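Chain and residue survey
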Amino acid sequence: MKWKNKADVVIIGGGIIGTATAYNLAKFGRKDVVVLEKGTVCGGSTGRCGAGIRAQWGTEMNCRLGLACLDIFEQLDSELGMPTGLNQGGYLLVAYSEKEFENLKKGMALQNGLGIKSRAVSLPEAREICPALDASDAVGFTYHARDGHADPFLTTFAYLEAAKRLGVSYFKNTEATGITVKGNKAVGVDTTKGHIDADAVVNCAGPYAQYVAKLGGIDIPNWGERHEALITEPVDPGVCPPMLMSFSGNYYIQQRPHGSIICGVSPEGHPQDFKLRATRQFITHMSAVLKKMLPSVKDIRVVRHWSGLYDMTPDGSPIIGETDVKNFYHSTGYSGHGFMLGPIAGRILAQRLTGNKPDIDFSTLDYRRFARGELIVEPNIT
Ligand SMILES: Cc1cc2nc3c(=O)[nH]c(=O)nc-3n(C[C@H](O)[C@H](O)[C@H](O)COP(=O)(O)OP(=O)(O)OC[C@H]3O[C@@H](n4cnc5c(N)ncnc54)[C@H](O)[C@@H]3O)c2cc1C
């Protein structure tokens, strides 16, 4: 692709957030958009995620965002003209104490009030939803049938290709190395391939967003947290159709339509960690969880095991909006739910940048909330 010296908007980062933002900007009329990716598309967290999509959240903001994402995902194949691999087997949330079940039910009341049809289910019904489930030590379950998962590669490539068809330029292997600020306004980006003048710059650099923010002179509390996941050989479909998840049990388990099972647990103590490495402890722990939850597949073999980074913030909620430097925006800090929130995050920021009213008011996700102590702490995470 021919290099551009000028663009309306430069987006830094070619993951789900950057590509969804680029597509929506072009859709809302700002077609002179450039996406810079220091590696390749999906080479960051997006290509390493579990790709679960849910509306069962514990804060109103995440419920609204999650529900909007389901609405978008359900028509995204036809909108983008490519498949996203959406599979709506629901999310079955598992509680292991009365207190945890009460919290799930509290979240459910919030969700129901916002139009999300989640419900509590009994153990026999949970077994109908997830035939291989052995959760006799569970106290209760909630379920939302519209939740599910998609394919992160298909979805991101679908956004990128649709964006390109609308005129967006994409430069891979191109790192943003500086942001030019004049009169407290972002006016351009230095890259390993040259400089681009820009009317606006959007930081979609995932776990590296703090470094990109710093290029424009802004500090944000954002860091990487290494998480591991594995995929098994395929087994008969129907073993675990929903995403099986527990916050206290610290696991998520899902079966892809072709039969393989993808699962993960969060690292103990949630340390800040940018190193991509896969450990034996994870395999040992994850195998034990899988065996306990789905005993009929206890001899299943692992095909691949990898790690990736959650792009963390102090409250586990994203940072979206303009910074103290005019025309310099962030869309980052999505923790373990940036894949699912990508479609709505891209849409609402693009609406703001094109002078349209965002579908969801995201002003509370401003990064200055941390200094003000106005955290949006999400309880429904591992
Ligand atoms: C194991 C695991 C499981 C997960 N499971 C789920 C899940 O089930 N559901 C869900 O919704 N989310 C999940 N997530 C979280 C999700 O992957 C992330 O929140 C999401 O992918 C963030 O997208 P992004 O586009 O912001 O970041 P990324 O995909 O990391 O993209 C950012 C891009 O910016 C590029 N970049 C960085 N600095 C520069 C620079 N200076 N110049 C140019 N490019 C730059 C990087 O190379 C990278 O490609 C999971 C994550 C992991 C690791």
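Residues numbered from 1 in each chain as written. Predicted model: local features only at pLDDT ≥ 70, side-chain atom pairs only at ≥ 80, totals over all residues. Heavy atoms only, no water.

Turning our attention to the domain arrangement of the protein chain. When the domains of the protein chain are assigned, the result is domain 1 (6–48 + 153–222 + 315–372) and domain 2 (91–145 + 224–312). One C-alpha centre belongs to domain 1, the other to domain 2; they are set 30 Å apart. Between domain 1 and domain 2, the residue contacts involve 15 residues of the former and 11 residues of the latter. A combined buried area of about 1100 Å² lies between domain 1 and domain 2, and 53% of that area is made up of carbon and sulfur atoms. Counting the surface domain 1 buries against domain 2, the share from its top three residues, R48, P207 and S335, is 48%. Where domain 1 touches domain 2, the interface holds 0 salt bridges. Seen at the junction of domain 1 and domain 2, the total is 7 residue pairs in polar contact (both at pLDDT 80 or more). Residues of the side of domain 1 that touches domain 2, tallied by class, amount to 6 nonpolar, 8 polar and 1 charged. (Domains from an automatic or database assignment. Contact = heavy atoms within 4.5 Å. Buried area = accessible area lost by both parts, 1.4 Å probe. Salt bridge = Lys/Arg side-chain N within 4 Å of Asp/Glu carboxyl O. Polar contact = N/O pair within 3.5 Å; in protein donor to acceptor, adjacent residues only side chain to side chain. Nonpolar A, V, L, I, M, F, W, Y, C, P; charged D, E, K, R; others polar.)

Okay, the site of the ligand next. Close to the ligand lie 39 residues, the nearest being E37, S45, T46, G52 and M340. Contact between the ligand and I16: an oxygen atom at 3.3 Å from a main-chain N or O atom of the residue. In the model, an oxygen atom of the ligand is placed 3.4 Å from a nitrogen or oxygen of the H337 main chain. Elements with a contribution of two residues or more to the shell around the ligand: α1 (16–27), β16 (302–312) and α9 (338–353). Top element by residues in the shell around the ligand is β16. It accounts for 4 residues. In terms of residue class, the shell around the ligand is built from 18 nonpolar, 16 polar and 5 charged. For the shell around the ligand, the two domains that each supply at least three residues are domain 1 (6–48 + 153–222 + 315–372) and domain 2 (91–145 + 224–312). (Near = heavy atom within 4 Å. Helix = DSSP H or I, 4+ residues; strand = E, 2+ residues; numbered from the N terminus.)

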